[in-house]
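The primary structure of each chain is shown beneath.
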Amino acid sequence: MAKINPLIKDNIETLEKKELQKLVLKAAAVSKQFHDYLLINYIDKEYGEQDLFEAAKSDLNLLYRKNYKGFSEELQVANMLAACNKRINEFSKVCKNKALEMELILDVLEIPFSMPANTFTTCFTKYNFQVYLLVKKAITLLKTKLHEDYHIEYAPKLNKYLTILHHTSSHLDYIYTLPNSI
């Protein structure tokens, strides 16, 4: 975030309402994050987050179908996972409901874990690392940001993913340091 100059801060108070409206509209047009922030907090408080969730989910579906560079399927999927992780990060910056973020992460994780488990044993560790980042993000969300009631819903799936990762890729330090279960 940019640090606001005190001179600007003082002069904003003297601006007229019409000028402030122009500034807000210009900022919303320039920054998607600011646009989404306005939508969630001021324009559509009731359904704004759900609308952004649906938009993020449709963006992820487009990313799933996109062709990615890579010599092997694992590298292509790793590039896709990196793009999906970036889109989830954009969503999480404006969304307060961390359960929606968890839904997006688990939706993306369905792809690598629906593939054969031996894809984790290949020499392409970029694939393993991208999966690790998403699993680690999901674990952190579950432990720190979500209410304990969500634990019942998400822990079994994450434990299944952790078991697969530990059986196939525990030779990698970052996988080895993951907990065996939540």
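In this text the structure is predicted, and so the values were computed from the model without any measurement.

**Comments concerning the side chain of Thr119**
Here comes step 1: Examined against the element boundaries, Thr119 turns out to sit in the loop between α6 (98-114) and α7 (125-145).
Here comes step 2: Within polar-contact distance, the side chain of Thr119 engages the backbone oxygen of Pro116 at 2.8 Å.
Here comes step 3: Non-local contacts of Thr119, meaning those with residues more than four positions away in its chain, are made with Glu74, Tyr127 and Asn128.

**Section: the packing of aromatic side chains**
Here comes step 1: According to the stated counting rule, one finds nine aromatic pairs in the structure shown.
Here comes step 2: Ring plane angle 5° and centroid distance 4.0 Å describe the contact between Phe113 and Tyr161, whose orientation is recorded as stacked. Here Phe113 is found in helix α6, whereas its partner Tyr161 is found in helix α8 (residues 149-169), with 48 residues between them in sequence.
Here comes step 3: Their ring planes at 80° and their centres at 5.1 Å tell us that Phe129 and Tyr174 sit as a pair that is edge-to-face. Of this pair, Phe129 sits in helix α7 while Tyr174 sits in helix α9 (residues 173-176), and the two are 45 residues apart along the sequence.
Here comes step 4: Look at Phe129 and you get partly exposed, because its relative accessible area is 33%.
Here comes step 5: Of the aromatic side chains, those joined through ring pairs into one cluster are Phe113, Phe120, Tyr127 and Tyr161.

**Concerning the nonpolar core**
Here comes step 1: Core analysis: the largest hydrophobic core is formed by 47 residues, its most contacted members being Met102, Leu109, Val131 and Val135.
Here comes step 2: Within the residue set of this core, elements represented by two or more residues are α4 (48-65), α5 (73-94), α6, α7, α8 and α9.
Here comes step 3: Apart from the residues lying within four places of it in its own chain, the contact partners of Leu109 are Val131, Leu134, Val135 and Tyr161.

**As for helix α2 (residues 17-30)**
Here comes step 1: An ideal rise of 1.5 Å per residue puts 20 Å on 14 residues; α2 measures up with 20 Å between its terminal C-alpha atoms.
Here comes step 2: Burial analysis of α2 places just one of its 14 residues in the buried class, which makes it a mostly uncovered element.

**A look at the packing of α7 against α8**
Two packed helices can be described by the angle between their axes and the distance between those axes.
Here comes step 1: Direction vectors running N to C along α7 and α8 enclose 150°, while the axes themselves pass 11 Å from each other. As summarised for this structure, α7 and α8 are arranged roughly antiparallel, according to the angle between their axes. With respect to the hand of their crossing, α7 and α8 are arranged in left-handed fashion. Along the contact surface, α7 presents Asn128, Val131, Val135, Ala138, Ile139 and Leu142, while α8 presents Tyr150, His151, Tyr154, Ala155, Leu158, Leu162, Leu165 and Ser169.
Here comes step 2: Per-class residue counts for the contact of α7 with α8 are eleven nonpolar, three polar and no charged.

**Things to note about the pattern of salt bridges**
Here comes step 1: All chains considered together, the criterion is met by five salt bridges.
Here comes step 2: Between Lys32 and Asp36 there is a salt bridge, with its nearest N and O atoms 3.2 Å apart. Residue Lys32 and its partner Asp36 are both found in helix α3 (residues 32-43); the two are separated by four residues, about one turn of the helix.
Here comes step 3: For Lys32, a relative accessible area of 47% gives the class partly exposed.
Here comes step 4: Linked by salt bridges that have partners in common, Asp59, Arg87 and Glu90 make up one network.

**Concerning the state of the cysteines**
Here comes step 1: Evaluation of the coordinates by the stated rule reveals zero disulfides.
Here comes step 2: For the unlinked cysteine Cys95, the closest cysteine sulfur is that of Cys84, found at 17 Å.

**Describing a nonpolar patch on the surface**
Here comes step 1: Taken together, the side chains of Ile4, Ile8, Ile12, Leu20 and Leu23 present a nonpolar region at the surface, about 440 Å² in accessible area.
Here comes step 2: Of all the secondary-structure elements, those providing two or more residues to the nonpolar patch are α1 (6-12) and α2.

**Some thoughts on α8**
Residue pairs three or four apart in sequence face the same way in an α-helix, which turns once every 3.6 residues.
Here comes step 1: Helix length check: α8, at 21 residues, gives a terminal C-alpha distance of 30 Å against a target of 30 Å (1.5 Å per residue), a fit within 8%.
Here comes step 2: The largest bend along α8 reaches roughly 40° and is located at Ala155, with the proline Pro156 sitting one to four residues downstream.
Here comes step 3: The inward-facing, buried residues of α8 abut α6, α7 and α9.

Thresholds applied
Residues numbered from 1 in each chain as written. Predicted model: local features only at pLDDT ≥ 70, side-chain atom pairs only at ≥ 80, totals over all residues. Heavy atoms only, no water. Helix = DSSP H or I, 4+ residues; strand = E, 2+ residues; numbered from the N terminus. Polar contact = N/O pair within 3.5 Å; in protein donor to acceptor, adjacent residues only side chain to side chain. Contact = heavy atoms within 4.5 Å. Phe/Tyr/Trp six-rings, centres within 6.5 Å; stacked < 30°, edge-to-face > 60°. Buried < 20%, exposed > 50% of the residue type's maximum accessible area, 1.4 Å probe, protein only. Core = buried A, V, L, I, M, F, W, Y, C linked by side-chain atoms within 4.5 Å. Expected span 1.5 Å × (residues − 1). Axes fitted to C-alpha atoms, helices over the stretch in contact; angles between N-to-C directions. Parallel < 35°, antiparallel > 145°, perpendicular 65-115°, else oblique. Left-handed = near helix turned anticlockwise from the far one by under 90°. Nonpolar A, V, L, I, M, F, W, Y, C, P; charged D, E, K, R; others polar. Salt bridge = Lys/Arg side-chain N within 4 Å of Asp/Glu carboxyl O. Disulfide = S-S within 2.5 Å. Patch = residues over 30% accessible without salt bridge, like charges linked within 9 Å, V, L, I, M, F, W, Y side chains within 5 Å. Areas by Shrake-Rupley, 256 points an atom, 1.4 Å probe, with all protein chains shown as cover. Bend = angle between axes of the 7 residues up to and from the residue.

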